[in-house]
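Chain by chain, the residues run as shown.
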Amino acid sequence: MAVKVLEIHHTGVRVDDEANLLKATQDFYADVLGLQCDSGRPTIPGIPGAWVNVGEVGQIHLIGGPQPSPVARGPGEDPTRPHVAYAVESIAETRAELDRMGVKYWVIEGLVSPDSTQIFMNDPCGNMVELHQYDTCRCRAANRTKP
């Protein structure tokens, strides 16, 4: 059995290590593509960035700062690397299924919100994939209005 992915939630893209181009990149997404930043996203300590809303389901996470980041778990285990995030219905069931299949992954809890659990892994080509629970993030527009 495979993990049950519900939808794509965000794409993490890098800006320069000093985040000097962060404002220009935000302006590009706003002025050229007509997309606005999610002003309700908390700042991740030590990781400059911004979240750009894309419709009802989806965001672009602009990520700056040097790599490895302050939250890196080790070589290659840094959530600030470019990645695609997918939503799963149950993060606990997803972890159990990945364990059953013997998939190598790593986890960060409480980084983007107090109740967040993010699972990270690499596909066979080394592209990073993130999985998180669909109802505990702001990637969906319906979740952006949470108090």
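A brief look at the structure comes next. As the structure is a computational prediction, the values presented were derived from the model and not from experiment.

A look at the overall build of the chain
Here comes step 1: Helix and strand counts for the chain stand at two helices and seven strands.
Here comes step 2: The C-alpha radius of gyration computed for the chain amounts to 15 Å, which stays within 12% of the reference 15 Å derived for 147 residues, consistent with globular compactness.
Here comes step 3: For the chain, the C-alpha atoms occupy an extent of roughly 45 × 35 × 30 Å along the three principal directions.
Here comes step 4: Counting across all 147 residues of the chain, residues that qualify as buried make up 45%.
Here comes step 5: A separation of at least 24 residues holds for 59% of the contacts in the chain among residues at least 6 apart in sequence.
Here comes step 6: With the model as given, the accessible surface of the chain reaches about 7,900 Å², and the carbon-plus-sulfur share is 56%.
Here comes step 7: With 13 positive and 19 negative side-chain charges, the chain shows a spacing of 2 Å between the two charge centroids.

A look at the side chain of Thr117
Here comes step 1: Within the element layout of this structure, Thr117 appears in strand S6 (residues 117–122).
Here comes step 2: Not counting the four nearest positions on each side in its chain, Thr117 is found in contact with Ile91, Arg95, Val107, Ile108, Glu109, Leu131, His132 and Gln133.

With respect to the sheet that holds strand S4 (residues 83–88)
Here comes step 1: Strand order across the open sheet formed by seven strands is S2-S3-S1-S4-S7-S6-S5, with mixed pairing between neighbours. Because the sheet does not close on itself, it has two edges, and the strands there are strand S2 (49–53) and strand S5 (106–109). Each adjacent strand pair in this sheet contributes to an overall mean axis angle of 25°, direction not counted.
Here comes step 2: Direction of pairing for S5 relative to S6: antiparallel, over a ladder of four bridges. By the bridge assignment for S6, Ile108 is matched with Gln118.
Here comes step 3: This element, helix H1 (residues 22–32), spans S2 and strand S3 (59–63) of the sheet and lies at about 160° to S3.
Here comes step 4: Relative to S6, helix H2 (residues 91–101) is tilted by about 30°, and along the sheet it contacts S4, S5, S6 and strand S7 (128–133).

Structural notes on the pairing of S3
Here comes step 1: Burial within S3 is extensive, with five of its five residues counted as buried.
Here comes step 2: Here S3 shows no split at all, with Gln59, His61 and Ile63 on one side and Ile60 and Leu62 on the other all buried.
Here comes step 3: Pairing of strand S1 (residues 5–14) with S3 involves five bridges; the strand directions are parallel. Bridge pairing in S3 links Arg14 to Ile63.
Here comes step 4: Pairing between S2 and S3: five bridges, direction antiparallel. Across the sheet, Trp51 pairs through a bridge with His61, a residue of S3.
Here comes step 5: The turn joining S2 and S3, which pair antiparallel and follow one another in sequence, is formed by five residues; a positive phi near 65° is taken by Gly55.

Quick word on the nonpolar core
Here comes step 1: With ten residues, the main nonpolar core is built from Ile44, Ile47, Trp51, Ile63, Trp106, Ile108, Leu111, Val112, Phe120 and Met128.
Here comes step 2: Within the second largest apolar cluster, nine residues are counted, among which are Ile91, Leu98, Ile119 and Met121.

Let's talk about the packing of aromatic side chains
Here comes step 1: Across all of its chains, the model carries two aromatic pairs by this definition.
Here comes step 2: Between the aromatic rings of Trp106 and Phe120, the centroid separation amounts to 4.5 Å while the plane-to-plane angle is 20°, which identifies the pairing as stacked. On the criterion of sequence distance, the pair formed by Trp106 in strand S5 and Phe120 in strand S6 is long-range, its members being 14 residues apart.
Here comes step 3: The exposure class assigned to Trp106 is buried, which follows from its relative accessible area of 9%.
Here comes step 4: The ring of Trp51 carries the charged tip of Arg41 above its face, separated from the ring centre by 3.3 Å.

Rules used throughout
Just so you know, the residues in each chain are numbered from 1, in the order the chain's sequence is written. Where local features are concerned, this predicted model is filtered to residues with pLDDT of at least 70; where side-chain atom pairs are given and counted, the filter is 80 or more; whole-chain, interface and lining totals use all residues. Hydrogens are left out, water is left out, and the side-chain values use all remaining heavy atoms of the structure. Strands are runs of DSSP state E lasting at least two residues, helices are runs of H or I lasting at least four, and both sets are numbered from the N terminus onward. Atoms counted for the radius of gyration: C-alpha only. Globule rule: 2.2 Å times residue count to the power 0.38. Throughout this description, buried means an accessible area under 20% of the type-specific maximum (1.4 Å probe, protein chains only), exposed means over 50%, and partly exposed covers the range between. Two residues form a contact once any of their heavy atoms are found within 4.5 Å. In these tables, accessible area is a Shrake-Rupley quantity obtained with a 1.4 Å probe, and a residue counts as shielded only by the protein chains included in the view. Think of it this way: Lys and Arg go in the positive column, Asp and Glu in the negative one, and His and the chain ends go nowhere. For charged residues, the charge sits on one atom: NZ in Lys, CZ in Arg, CG in Asp, CD in Glu. The pairing criterion is simple: DSSP has to find at least two bridges between the two strands. To define axes, lines are fitted to C-alpha atoms, for helices over the stretch in contact only, and angles between the resulting N-to-C directions are given on a 0 to 180 degree scale. Residues belong to a common nonpolar core when they are buried Ala, Val, Leu, Ile, Met, Phe, Trp, Tyr or Cys residues joined through side-chain atoms within 4.5 Å. For this analysis, a ring pair means two rings from Phe, Tyr or Trp (six-membered ring only for Trp) whose centres lie within 6.5 Å, classed as stacked if their planes differ by under 30 degrees, edge-to-face if by over 60, and tilted for the remaining angles. Charge-over-ring contacts are defined here by two conditions on Lys NZ or Arg CZ: a distance within 6 Å of the ring centre and an angle within 35 degrees of the ring normal.

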